[in-house]
Amino acid sequence: MSPARAILHCLAALAILTGFLWIGQGSGSFPYPASSFMIDQRPWILYGAILAVAGLGGLVLLRRR
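Along each chain, the written sequence defines residue order, and numbers are assigned to residues from 1. Per-residue local features are limited, in this predicted model, to residues with pLDDT of at least 70; the limit for side-chain atom pairs, both in listing and counting, is 80 or more; totals at the level of whole chains, interfaces and linings are taken over all residues. For the side-chain quantities, the full set of heavy atoms in the structure was used; hydrogens and water were omitted.

## Comments concerning the overall build of the protein chain
So, point 1. Helix numbering and strand numbering both begin at the N terminus, where a helix is a DSSP run of H or I of at least 4 residues and a strand a DSSP run of E of at least 2. When helices and strands are tallied, the protein chain shows 2 helices and 0 strands.
So, point 2. Note on method: radius of gyration uses C-alpha positions; expected globular size equals 2.2 Å times residues raised to 0.38. Against the globule reference of 11 Å for 65 residues, the protein chain gives a C-alpha radius of gyration of 14 Å, more extended than a compact globule.
So, point 3. C-alpha atoms of the protein chain, sized along the principal axes, occupy 40 × 20 × 15 Å.
So, point 4. Two residues form a contact once any of their heavy atoms are found within 4.5 Å. Here the analysis covers contacts within the protein chain between residues at least 6 apart in sequence; of these, 46% occur between residues at least 24 apart.
So, point 5. Per-residue accessibility takes into account occlusion by the displayed protein chains alone, with areas from the Shrake-Rupley method and a 1.4 Å probe. Accessible surface, the protein chain as shown: approximately 4,600 Å² in total, 72% of it carbon and sulfur.

In structure tokens form, the structure reads like this:
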């Protein structure tokens, strides 16, 4: 695997993890840090879901090639 593909795999995985973090903070399930502006803010659930799906799509595209 080339270094560029490895970096893209890492970025896609990071997007998935960040998306789940945003979902957790937006729903109030993961209230850390306590001063975060994202806690209990419902739009962040949608933003996190979009980011996680984009990361998953990136992984699927990388695996097909």
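## Some remarks on the packing of aromatic side chains
Each aromatic ring pair is described using two quantities: the centre-to-centre distance and the angle formed by the ring planes.
So, point 1. Here a Phe, Tyr or Trp ring, Trp counted by its six-membered ring, pairs with any other such ring whose centre lies within 6.5 Å, and the pair is stacked when the planes are under 30 degrees apart, edge-to-face when over 60, and tilted otherwise. Counted by the stated rule, this structure contains 4 aromatic pairs.
So, point 2. The interplanar angle of 80° and the centroid separation of 5.2 Å between the aromatic rings of W22 and W44 together place this pair among those described as edge-to-face. Taken together, the residues W22 in helix α1 (residues 3-27) and W44 in helix α2 (residues 43-64) connect sequence positions 22 residues apart.
So, point 3. The exposure class assigned to W44 is buried, which follows from its relative accessible area of 19%.
So, point 4. Judged by centre distance (5.9 Å) and plane angle (70°), the ring pair of F37 and W44 falls under edge-to-face.
So, point 5. Classification of F37 by relative accessible area gives exposed; the value is 61%.
So, point 6. A network of ring pairs unites the aromatic residues W22, F37, W44 and Y47 as a single cluster. Buried means the residue's accessible area, taken with a 1.4 Å probe over protein chains only, is under 20% of the maximum for its type, while exposed means over 50%, and partly exposed covers the values in between.

## Digging into α2
An α-helical turn contains 3.6 residues, so any two residues separated by three or four positions project in the same direction.
So, point 1. By this rule, a helix spans an expected 1.5 Å times one less than how many residues it contains. Between the first and last C-alpha of α2 there are 32 Å, a value that for 22 residues agrees with the 32 Å anticipated at 1.5 Å per step.
So, point 2. Here α2 has its buried residues at W44, G48, A52, G55 and L62. The arc that holds the buried residues of α2, viewed along the axis, is 85°, so those residues lie on one side. Opposite the buried face of α2, by more than 90 degrees, sit the exposed residues L46, I50, V53, L61 and R64.
So, point 3. Buried positions along α2 lie against α1. In this description, one arc is meant: the one made by directions from the helix axis to the C-beta atoms.

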